[in-house]
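So you can see what is in the structure, the chains are spelled out below.
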Amino acid sequence: NRRFVRGDCFLDAKNMSRQVNREVTGRVYNLGVGGMLLESNYELPMDEPTEMVFVPPEGLPPLRLLAYPKQIKRDGTVRLIGLEFRDLSDRQLDVLGRYLKQLLQASFKNERG
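**Some thoughts on the overall build of the chain**
- Each helix and strand counted, the chain has 1 helix and 7 strands in total.
- When the helices and strands of the chain are listed from N to C terminus, the series reads β-β-β-β-β-β-β-α.
- Counting all 113 residues of the chain, 39% fall into the buried class.
- Accessible area of the chain: about 7,000 Å², with a carbon and sulfur share of 47%.

Printed below as a string of structure tokens:
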């Protein structure tokens, strides 16, 4: 029951890394109302809330929300981190929905060539 919409999105998200004690940016691969897949060079502590700040696509408001790392796969130096969203506010869901819509439109255009 994966509620992921697979928009091959070119979307970045920033978070504070305790590993290096500074803000780091990762690439978002899958985004859905239930969670996301993040590619990052840095570890995230499992199941600990991490504030994700999305770099907004053109014309959309910034979005920040808490995500909980549920699984981490290492691929060389890169980590693929599956994160779960919990208890999103109506506003967060609204903005997230607008991101998804825009990402889907973009990936649809790309597939149509």
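**Some words on the environment of Glu84**
- Inspection of the secondary structure puts Glu84 in strand E7 (residues 78–85).
- Sequence separation of Glu84 and Lys70 is 14 residues, and the distance between their C-alpha atoms is 6.6 Å.
- In this structure, Glu84 is in contact with Gly34, Gly35, Leu66, Ala67, Tyr68 and Lys70, ignoring residues within four places of it in sequence.
- Of note is the side chain of Glu84, whose polar atom sits 2.7 Å from the side chain of Arg86.

Conventions and cut-offs
Residues numbered from 1 in each chain as written. Predicted model: local features only at pLDDT ≥ 70, side-chain atom pairs only at ≥ 80, totals over all residues. Heavy atoms only, no water. Helix = DSSP H or I, 4+ residues; strand = E, 2+ residues; numbered from the N terminus. Buried < 20%, exposed > 50% of the residue type's maximum accessible area, 1.4 Å probe, protein only. Areas by Shrake-Rupley, 256 points an atom, 1.4 Å probe, with all protein chains shown as cover. Contact = heavy atoms within 4.5 Å. Polar contact = N/O pair within 3.5 Å; in protein donor to acceptor, adjacent residues only side chain to side chain.

Fair warning: the whole summary comes from geometry, so function is off the table for now.
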